[in-house]
Amino acid sequence: MTTVLQVDNLDVYFGHGRSRAHVLQQVSFAVKAGTTLGLVGESGSGKSTTAKAIVGVVRSAAGTVLVNGANIAGARGRALNALRRRVQMIPQDPYASLNPRMTVGETLAEAIDPRRASVRAHAGKITELLALVAMDADASQRYPHEFSGGQRQRVAIARALAVQPEIIIADEITSALDCSVQAEVLGVLRELRTRLKLSMLFISHDLAVVRHVCDEIAVLYQGRIVEYGKRDDVFDAPRHDYTRLLLDSVPDGGPLK
Amino acid sequence: MRRVRWNAPLILGLTATAVLIVIAIIAPWVWGERAEQTDYSATHQSASAAHWFGTDLFGRDVFARTMVATRPTLLMAFAAMLIASVGGIIAGSVIWVSGPRVREIGQRVIDILISYPSVLFALVIAAILQPGAVTSVVAIGLATCPAFARLTTNLAASVATRDFVSTSRLLGVGPLRLLRRHILPNIAEPLLVLMSVAFTISLKALTGLSVLGVGLQAPAYDWGSLLAKGLEGIYVNAWPALGPSIAIVVAGLAGGFIGDGLAAAANPASSRRVPKRTMKAALAAASASVPGAPPLLRGDEVVPAEDVGVVAVRGLSVVMADGTRLVDEVSFTVGEGEIVGVVGESGSGKSLTAMALARLLAEGLRAEANQLSVAGHNLLGRPPREKLAKDIGIVYQDPASSFNPTMKVGSQLTETLRVHGGVSRGKAAARAIEQLTLARVSRPELRIKQHPHELSGGMRQRAMIASALLTSPKLLIADEPTTALDVTVQADVLRLLREANTRDGVTILLISHDIGVVSAICDRVLVMYAGRIAEELSVEDLRAGNARHPYTRALLAATPKVTETSGELAPIPGRPPQPAQRPSGCAFAPRCPLAQDVCVEERPALMRIGTGAAACHALTWQPVGVQ
C-alpha cells in the first residue's frame, strides 16, 4: 500500500522569546492510500495545529509533510497553492463554512474551478458531487440556510471532494452536530471511503466517533504522539497510560467508572 | 433570495423619496415658467393660496422655485453619495486585499482623514478649484469616502475570519474573487445603510456650501442657494428661507428613514412577523378507550402535597410572546435525593424546562403550568427571591462566561451566602474553602484570591459546582455542565456531582445532549423531543437499551460506542419540526418508522409502562416491551 500523507518529525512553535511554546514536538505519522487515520486528543493537544501545519496555514519549524512525495512544509507561493489543492480540509462548523450568499451550486462550481466558476458549465459535475453525498440535484439552486446542519456538512464534504484531493482532512466535522445528524454525516463518510477509496486524516476529540470511522489511531498528548496503532489494538489494548485514562473517561452508556 | 422585511421607517422613507423623484422629474415642465416669472407688484409676500411659500424680492413664486430646484439638488447629493460610496468601497477593498502591512497603514490614514469634518475638507478643495456644482459634488464625495473605506475594511476583516473564506482560500480562490463573491455580498447591508445616511450628509453639506456661495453658481440654483437668498431678507419675509428649508428637511428625513428602515430590515431580530401558531394543544385521551392500555399520566392533575418530592411539574409550557410553545405541556417529578437526567437534541426544550424551574427564563418567554413546585416553593405564586437563590443551585454550560471576569473567585463564590444567607465574610470564605477542597480544587486558599481567568476550564467548572453547593441547595440544576470540557475533565465533574449526591443527598437535575453522560450518573432519565417528554425511563433500562419510544431507540441506534467497533449507525431521517410548525399529532411521526394515521392526527399522552412512561401510540397496538 502506498503512503499518501507522510508527516515526519514535525515541530511547531508559537510565540517568540520567553513566551515561545513548543506546540508540536516530533510529530510523525502516515496515512496509507484508502485508509483513515484518526488523530485524537484533548483541547490544546495540538490536533488542529497539526491540520493547519499540513495545509500550510501554520509554519513548521522543522520536519516534513509529504503529500505523495511532494513536501508542503517547504513550499512557498505558487508551489504551495498548487499543493494545497491536493489536500482538502472539511471545517468543523457547517454553519460558518458555507457562504450564506452563494447557492450550493455556486459554492461547488467555485471549488471545481476557482477561475471559471460557472454553475452551468459544471452542472454535470455538480450533480455528480451532490449524488456522492446523497443529495438531490435541485439542491444546487438553494442557499445554505435552507438546509439542516447535516445537509450543510454533506455539502462541505462535496466541496472538499470537488478538487479530487489526494487526502482529506476532517477537523472535528461532527462536533457541532446533534447525535442523529452526526450518524447521517458519518454514514456518508463511510460510504465514500469504500466507494472512492478515500484517504483521510480524521481529527476528533470524540473517541466513539473515531472508533467508528478510523482504521488507525494516533493519540496526541501535549504536542506529542503518545500512542499510534491499529484501531482495535489502541481501543482494546492501549499501551500508554494517557490512552487508558482517555478511554476510561468516556461515558460508554454504563455507570461512571 | 430573502424576503424584504418591510417596516414603517422604510416605507415612509421610500415613499417620500419616490415623491421627491417625481417632483424632480416633472418640476421644470410644471413650474419652470412660473419660477422665472417676476412680478414687482407682489414682492416679499408671505404664504397664501396663490403663492404657497410666498414670493421673493423679485416677486417670483418661492414654491415653484423650490420645486424646480429639487432636480439639481437631488442629483448633486446623489452624485456625491455615489462618489463617496464607490470610491470608499474601492479604497477599503484595495486596502483590505493588499496584505497586512498596507492594511495597517491604510487604516491609520483613514482614521486621520475621518477626523476632519467633511465640509472643511470640501471648502479647501472648492477654494483650490473653481467653485461650482462639479467642484462641490466632488469635494463632498471625496470627503465622505473615508467613512465608506473604514466600514468596508472593518467589515471585511470580520467576514474574512469566517470559515467559508478560509476554505475558499485553500481551494485556491484568488483575492479579487474572494472579495467579490464572499466578502462584499456579506457586508452589503451595512454599506447600503451607510449609503442612505451618506445621501443625507451630502445633502446637508452641499446646502452648506451653497449657503456659503461656493456651491451651484447663479443663474442655476438649488435649495441651498434659494435658502441663502432667502436668508438675506429673512427679517422682511421669512418664507423665501422657510420654503427651501422644508424641502431640505423632508429630503434629509427621507434618507435617514431609509437608512433606519434598511438597518431594521437587515436585522433578523427586529422581525415582528413570526408565523402564527397553527396547532392547538390537544390532550389526547384516545388510548384510554383501548382495553388493557397502560394508564395515562395527565398534565392537568396536580401531584398531592404529600407526594411532592423536590420537583413536581404538571403541564409546564414555555411560551413565546406570540404564543409559540417552545416547551409544550411537560409533566414530571423529581424525588428527594434523586439524580434525574434530561436528554434531548438541540431545540428539544430541555434547557428551557430547567430554566423555568429556576425562574430564569429569558425575557419574552413565560412559563405556564398547572403545578410548578420546586424545593418546597410554589413558583406559580411569588416565592421569596432570596429563598429561591439559596434552595436552587445552578451550574451552567460554559464555565468561562458564568463567572464575572473582574471579580475575585472567592467573593463570587460566597455572594449568595453573604447576601441571602446573612453569613459573615470570614465564615463564608471558610465555607468556600471547604467546598473547594471537596470539589478537589487544588490550593483553595489561593484560588479564592484569584480571578476566574487564572483558573483552568475544568477548575472553573469545579469551582462553579462548589459555589452552587455552598448554600446547601435542595435542588442542583446542572445545564450541560460538561459540554465545554475535555473528556477526562468531564469524568471528574460527573464524579463530583455524584459525590455531592451521595455525600449530602443533593437532588440533581442534569441536562445533557449526550446519552452517555446521563447514563453515567443518573437514576432516571427523561427523553425530550420537540418540546415534549417522549419517554421517561430508569437508567437500568437505558443502559440495557430497553427503550420503548421509537425516538429513544433511534437515538441509541445513532450513537457510536467506544467499547466496540460498531457497524452502520442508523441516522434518523428528516429533522425535528420548528416550534411554530409542530404538528397537532405526535411530533416524531414524520420521522418514525412505526407511524400510522392516528400518530399524525392525535397527540399521544404519556403512558405508564413498567417503571417508566412513554408517549407513543404504537405502544397501544404493539406488545409493550422491547423490540
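These figures come from a predicted structure and were not determined experimentally. (Residues numbered from 1 in each chain as written. Chains lettered and ligands numbered in written order. Predicted model: local features only at pLDDT ≥ 70, side-chain atom pairs only at ≥ 80, totals over all residues. Heavy atoms only, no water.)

(A) Molecular detail of the overall build of chain A. Helix and strand counts for chain A come out as nine helices and ten strands. Oriented by its inertia axes, the alpha-carbon framework of chain A measures out at about 55 × 50 × 40 Å. Out of the 257 residues in chain A, the part that is buried amounts to 57%. Residue pairs at least 24 apart in sequence account for 64% of intrachain contacts in chain A once pairs closer than 6 positions are excluded. Positive and negative side-chain charges in chain A, numbering 31 and 27 respectively, have mean positions lying 8 Å apart. (Helix = DSSP H or I, 4+ residues; strand = E, 2+ residues; numbered from the N terminus. Buried < 20%, exposed > 50% of the residue type's maximum accessible area, 1.4 Å probe, protein only. Contact = heavy atoms within 4.5 Å. Lys, Arg positive; Asp, Glu negative; His and termini not counted. Charge placed at Lys NZ, Arg CZ, Asp CG, Glu CD.)

(B) Inspection of the overall build of chain B at higher detail. When helices and strands are tallied, chain B shows 22 helices and 13 strands. In terms of overall dimensions, chain B has a C-alpha envelope of 100 × 65 × 60 Å along the principal axes. Counting contacts in chain B only where the partners sit at least 6 residues apart, residues at least 24 apart contribute 66% of the total. For chain B, the accessible surface area stands at approximately 28700 Å², while carbon and sulfur atoms represent 60% of it. Taking the average location of the 59 positive side-chain charges in chain B and that of its 48 negative ones, the two points are 4 Å from each other. (Areas by Shrake-Rupley, 256 points an atom, 1.4 Å probe, with all protein chains shown as cover.)

(C) Region of interest: helix α2 (residues 77-84) of chain A. When α2(A) is considered as a whole, its buried residues turn out to be A:Leu80, A:Leu83 and A:Arg84. Viewed end-on, α2(A) has its buried residues packed into an arc of 100°, placing them on one side of the element. Among the exposed residues of α2(A), those oriented more than 90 degrees off its buried face are A:Arg78 and A:Ala82. The inward-facing, buried residues of α2(A) abut α1 (47-55), β5 (70-71) and β6 (87-90) of chain A together with α6 (163-171) of chain B. (Arc of directions from axis to C-beta.)

(D) Focus on the packing of aromatic side chains. Residue and element names in this part refer to chain B. Evaluated as defined, the whole model comprises nine aromatic pairs over all chains. On the numbers, 4.9 Å between centres and 55° between planes, the contact of Trp 52 with Phe 63 is tilted. In this pair, Trp 52 sits in the loop between α1 (8-36) and α2 (62-97) while Phe 63 sits in helix α2, placing the two residues eleven residues apart along the sequence. A residue is classified by how much of its surface remains accessible, and Trp 52, at 54% relative accessible area, is exposed. One aromatic cluster in this structure is built from Trp 31, Trp 52, Phe 53, Phe 63 and Trp 239. A cation over a ring is seen here: Arg 65 above Tyr 221, with NZ or CZ 4.2 Å from the ring centre. (Phe/Tyr/Trp six-rings, centres within 6.5 Å; stacked < 30°, edge-to-face > 60°. Lys NZ or Arg CZ within 6 Å of the ring centre and 35° of its normal.)

(E) Geometry of the environment of B:Gly341. Residues and elements named next belong to chain B. Locating Gly 341 in the fold gives a position in strand β3 (residues 339-343). The spacing of Gly 341 and Leu 74 is 267 residues in sequence and 65 Å in space, taken between C-alpha atoms. Aside from chain neighbours lying at most four places away, what touches Gly 341 is Leu 510, Val 518, Cys 522, Arg 524, Val 525 and Leu 526.

(F) Structural context of the pairing of β3(B). Residue and element names in this part refer to chain B. Burial of β3 is extensive: five of the five residues sit out of reach of the surface. Across the two faces of β3 the burial is the same, with Ile 339, Gly 341 and Val 343 and Val 340 and Val 342 all buried. In the sheet, β3 pairs with strand β10 (residues 524-529) via four bridges, with the strands oriented parallel. Across the sheet, residue Gly 341 finds its bridge partner in β10, namely Val 525. (Pairing = 2+ DSSP bridges.)

(G) Expanded view of the interface of chain B and chain A. Contacts between the two partners involve 52 residues from chain B and, on the opposite side, 59 residues from chain A. Here chain B meets chain A over a buried area of about 4800 Å², counting both sides, of which 55% is carbon and sulfur. Three residues, B:Leu170, B:Leu171 and B:Val562, lead the burial of chain B against chain A; their summed loss comes to 17% of the area buried on that side. Note that A:Glu106 is salt-bridged to B:Arg181, the shortest N-O span being 3.0 Å. Where the side of chain B that touches chain A is concerned, the elements lending two or more residues are α6, α7 (175-211), α17 (487-504), α18 (515-521) and α20 (550-558) of chain B. The greatest single-element share of the side of chain B that touches chain A, amounting to eight residues, is contributed by α17(B). Here the side of chain B that touches chain A is built from residues that sort into 21 nonpolar, 15 polar and 16 charged. (Buried area = accessible area lost by both parts, 1.4 Å probe. Salt bridge = Lys/Arg side-chain N within 4 Å of Asp/Glu carboxyl O. Nonpolar A, V, L, I, M, F, W, Y, C, P; charged D, E, K, R; others polar.)

(H) Structural view of the domain arrangement of chain B. As far as domains go, chain B holds domain 1 (8-270) and domain 2 (286-398 + 411-621). Centre-to-centre separation of domain 1 of chain B and domain 2 of chain B, based on C-alpha positions: 56 Å. (Domains from an automatic or database assignment.)

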